[in-house]
Amino acid sequence: MAATVSETLLAWYDRHARDLPWRARPGAAPPDPYRVWLSEVMLQQTTVAAVKPYFAAFTARWPDVEALAAAPEDDVMAAWAGLGYYSRARNLVKCARAVAERGGFPATEADLRELPGLGAYTAAAVAAIAFGQRAVVVDANVERVVARLFAIEDPLPGARKAIRSAADSITPDRRAGDFAQAMMDLGATVCTARDPRCLLCPLAQACAARAAGDPARLPVKAPRKPKPLRQGRAFWIERDGAVWLVRRAGTGMLGGMRALPDDGWSAQGDGSADPPLAGAWECAGVVRHVFTHAALELSVLVQRDAPQPAGPGEWWPLDRIEEAGLPTLFAKAARLVRAS
Ligand code: SF4
């Protein structure tokens with residue numbers, strides 16, 4: 001079955017590969033490892049459509065890993081704003097600096113894994129796609145295709161080991177990068193989460209879930225625990241056409257990002273700190289946002305013609321607020337205040 005699956009899938013990929021800016025055409029020389037790595041980091045937890053403009057902006061501004069390595073971390077964080085999961089941007093800079101220092105990306109999965117902030121998935125994807133190395137590349141799309149192909153009934157996340165081992169059994173030695181991308185494409189365009197299009201699927205003959213009926217049932221997911229709801233307050237302090245922004249601590253949620261001052265809310269608890277200024281605050285409304293480990297209701301309190309708060313921060317001109325690199329939560333808060 002393994003040889004048939006990989007050959008059939010590669011033949012399908014040769015005709016149906018998605019045309020993506022970080023890719024080489026099927027069968028062509030492998031693409032630049034920098035572009036493969038950058039796209040894979042951006043694509044974690046994010047859609048292709050959301051990533052495309054960021055990828056274009058990053059590669060125009062920092063066309064190679066040396067350029068990204070030389071960039072101030074603040075600039076990279078600001079350019080990343082809106083893509084979410086900001087620890088990825090910090091790790092991106094660390095990794096770029098390590099790669100530039102060693103004179104380029106290593107070519108094997110094991111050596112790639114040694115780079116700072118580069119996880120198991122990204123190491124496998126870069127080794128396969130950029131260096132043609134045989135590596136087992138399992139993202140959420142591949143997980144779904146494999147669980148269905150082999151009718152793996154165990155719920156996720158516990159089923160990951162069995163899925164990985166099944167994926168290993170069909171990964172070919174030749175064209176490993178194309179095979180990985182073919183699996184990703186099949187999951188994204190044919191074997192979709194809710195509505196698998198089995199009639200169009202090149203692997204239909206080999207698919208155990210299709211034979212058993214109702215493939216959309218797989219993969220089974222263990223019920224998620226509801227996320228805790230946290231309450232917090234953010235403070236919009238305005239004076240002379242500018243708003244007071246602070247820099248969040250380097251670690252923790254939205255670490256190192258520019259932000260509005262807040263009352264110390266976190267994934268672990270509600271905020272309780274005093275406002276940064278005495279005086280009367282007016283509530284502009286509430287912003288809701290969902291993080292990985294918690295949901296947040298953030299009340300946005302406003303003081304205009306305010307004095308400068310104590311402590312570090314900067315007055316940021318309101319007419320250039322889009323350039324502050326505010327993460328999505330605070331960008332929402334800014335829109336709320338400006339609309340009020
Ligand atoms: S036959 Fe259907 S369920 Fe099986 S891999 Fe193809 S699209 Fe997915």
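Residues numbered from 1 in each chain as written. Predicted model: local features only at pLDDT ≥ 70, side-chain atom pairs only at ≥ 80, totals over all residues.

All right, on to the site of the ligand then. Neighbouring the ligand are 15 residues; Cys191, Cys198, Cys201, Cys207 and Pro215 lie closest to it. Broken down by secondary-structure element, the contributors of at least two residues to the shell around the ligand are helix H9 (140-149) and helix H12 (208-212). The leading source of residues in the shell around the ligand is H9, at three residues. Classifying every residue of the shell around the ligand by side-chain character gives 12 nonpolar, no polar and three charged. (Near = placed C-beta within 6 Å. Helix = DSSP H or I, 4+ residues; strand = E, 2+ residues; numbered from the N terminus. Nonpolar A, V, L, I, M, F, W, Y, C, P; charged D, E, K, R; others polar.)

Along its sequence, the chain is organised into domain 1 (2-217) and domain 2 (229-339). Summarising the inter-unit geometry, the C-alpha centres of domain 1 and domain 2 are found 35 Å apart. Across the contact, eight residues belong to domain 1 and eight residues belong to domain 2. Contributing elements (two or more residues each) for the side of domain 1 that touches domain 2: helix H5 (73-80) and helix H6 (87-102). (Domains from an automatic or database assignment. Contact = placed C-beta atoms within 7 Å.)

Looking now at the pairing of strand S5 (residues 295-304). Bridge count between strand S1 (residues 229-239) and S5: 10 bridges; the pairing is parallel. When the sheet's bridge partners are listed, Gly232 is paired in S5 with Leu298. Here strand S4 (residues 282-290) pairs with S5 via eight bridges, running antiparallel. Each residue of the ladder has a partner; that of Gly285, found in S5, is Val300. As consecutive antiparallel partners, S4 and S5 are separated by four residues. (Pairing = 2+ DSSP bridges.)

This brings us to the nonpolar core. Counting residues in hydrophobic clusters, the biggest one holds 90 residues, and the most contacted among them are Val126, Trp236 and Ala333. Two domains each put at least three residues into this core: domain 1 (2-217) and domain 2 (229-339). Every residue in contact with Ala333, bar those within four places of it in the chain, is listed here: Ala234, Leu260, Val287, Leu298 and Val300. (Core = buried A, V, L, I, M, F, W, Y, C linked by C-beta atoms within 7 Å. Buried ≥ 20, exposed ≤ 12 C-beta atoms within 10 Å, placed from the backbone.)

Let us look at the UniProt feature "domain: HhH-GPD" (unreviewed entry) in the chain. UniProt records the feature "domain: HhH-GPD" (unreviewed entry) at residues 42-189, using the numbering of this structure. Structurally, residues 42-189 comprises 66% helix and 0% strand, and the distance from its first C-alpha atom to its last is 19 Å. (UniProt positions renumbered as here; feature names shortened; annotations may be inferred.)

With that out of the way, let us pick up the packing of H9 against helix H10 (residues 160-170). Helix packing for two helices is described by the angle between their axes and how far apart those axes are. Two elements in contact, H9 and H10, have axes whose closest approach is 9 Å; the angle formed by their N-to-C orientations is 80°. By the angle class used here, H9 and H10 are roughly perpendicular. Judged by residue contacts, Val142, Glu143, Val146 and Ala147 of H9 engage Ile163, Ala166 and Ala167 from H10. When the residues that make up the contact of H9 with H10 are grouped by side-chain class, the tally is six nonpolar, no polar and one charged. (Axes fitted to C-alpha atoms, helices over the stretch in contact; angles between N-to-C directions. Parallel < 35°, antiparallel > 145°, perpendicular 65-115°, else oblique.)

In this model, H6 (16 residues) spans 23 Å end to end at C-alpha, consistent with the 22 Å of a helix rising 1.5 Å per residue. Buried within H6 we find Ala89, Arg90, Leu92, Val93, Cys95, Ala96 and Val99. Phi for Gly103, located one or two positions after H6, is positive at around 85°. (Expected span 1.5 Å × (residues − 1).)

Let us now look at the environment of Ala89. Inspection of the secondary structure puts Ala89 in helix H6. Owing to 23 C-beta atoms within 10 Å, Ala89 belongs among the buried residues under this scheme. Through-space distance from the C-alpha of Ala89 to that of Met42 is 8.8 Å; in sequence the pair is 47 residues apart. If we skip the residues at most four places from it in the chain, Ala89 touches Val76, Met77 and Trp80.

Turning next to unusual backbone geometry. Following Leu156, the chain continues into Pro157 via a peptide bond in cis, with omega recorded as 5°. Within the fold, Pro157 resides in the loop between H9 and H10. Here the residue pair Leu218 and Pro219 is connected by a cis peptide bond, since its omega of -5° sits within 30 degrees of zero. With respect to the element layout, Pro219 can be found in the loop between H12 and S1. Residue Asp305 is not a glycine yet carries a positive backbone phi of 50°.

A few words now on H10. Helical geometry: 3.6 residues make up each α-helical turn, so side chains three or four residues apart lie on a common side. All of the buried residues in H10 are Ile163, Ala166, Ala167 and Ile170. Each buried residue of H10 lies within a common arc of 100° when the element is viewed along its axis, so the set occupies one face. (Arc of directions from axis to C-beta.)

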